[in-house]
Amino acid sequence: MSFKYDVREMQEKDLDKVTALEAACFSMPWKYQDFKDILTNPDRIYLVAASKDADGDEILGGCMLTNIAGEGDISNVAVYEKYRNNSIATQLLTKLLELGTEQYGISSFTLEVRS
């Protein structure tokens, strides 16, 4: 599968699509308001992998970093099943680590996982 996408910070226009991604990937998904709250939380970054489609941006995947007292907690790593095995999560996590180091000075990260 060959397609182009950008990794960028989540924007308000992405909230419905990010909420749908979360619901598709997890049995106990975060809700719309949870993601909306990220937009105003200075200790959180949520990145999306977005490609252009007829309706604007299609969200392929996403992940979040929370700065907790100088340590990085990575969570909500999600990629739609049809886009998996295309290094999307790798690109998201690489960018998230870069931003955590640049914006918060974080050098220690943990990854929270759920089935």
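Residues numbered from 1 in each chain as written. Predicted model: local features only at pLDDT ≥ 70, side-chain atom pairs only at ≥ 80, totals over all residues. Heavy atoms only, no water.

Caption draft 1: Here's a closer look at unusual backbone geometry. Positive phi, normally seen in glycine, also occurs at Asn76, with a value near 55 degrees. Relative to the assigned elements, Asn76 resides in strand S4 (residues 71–79). For Asn76, a relative accessible area of 4% gives the class buried. Even without being glycine, Asn85 reaches a positive phi, approximately 70 degrees. Turning to its location among the elements, Asn85 is positioned in the loop between S4 and helix H3 (88–104). For Asn85, a relative accessible area of 82% corresponds to the exposed category. (Helix = DSSP H or I, 4+ residues; strand = E, 2+ residues; numbered from the N terminus. Buried < 20%, exposed > 50% of the residue type's maximum accessible area, 1.4 Å probe, protein only.)

Caption draft 2: View of the packing of aromatic side chains. Scanning all chains against the criterion turns up two aromatic pairs. Ring geometry for Phe35 and Tyr46: centres 5.4 Å apart, planes at 80 degrees, overall edge-to-face. Residue Phe35 is located in helix H2 (residues 32–38), and its partner Tyr46 is located in strand S2 (residues 44–53); the two are separated by eleven residues in the primary sequence. Considered together, Phe35 and Tyr46 belong to a single accessibility category, that of buried residues. Grouping aromatic residues by their ring pairs yields a cluster made of Trp30, Phe35 and Tyr46. (Phe/Tyr/Trp six-rings, centres within 6.5 Å; stacked < 30°, edge-to-face > 60°.)

Caption draft 3: Highlighting helix H1 (residues 15–25). Every buried residue of H1 is listed here: Leu15, Val18, Thr19, Leu21, Glu22 and Cys25. Looking down the long axis of H1, one finds its buried residues gathered within 155 degrees of arc, a one-sided arrangement. Among the exposed residues of H1, those oriented more than 90 degrees off its buried face are Asp16 and Ala24. (Arc of directions from axis to C-beta.)

Caption draft 4: Spatial organisation of the environment of Val18. Tracing the backbone shows Val18 in helix H1. Look at Val18 and you get buried, because its relative accessible area is 0%. Measuring from C-alpha to C-alpha, the distance between Val18 and Arg84 comes to 16 Å, with 66 residues separating the pair along the chain. Excluding residues that lie within four positions of it along the chain, Val18 makes contacts with Met10, Phe35, Tyr46, Val48 and Ile59. (Contact = heavy atoms within 4.5 Å.)

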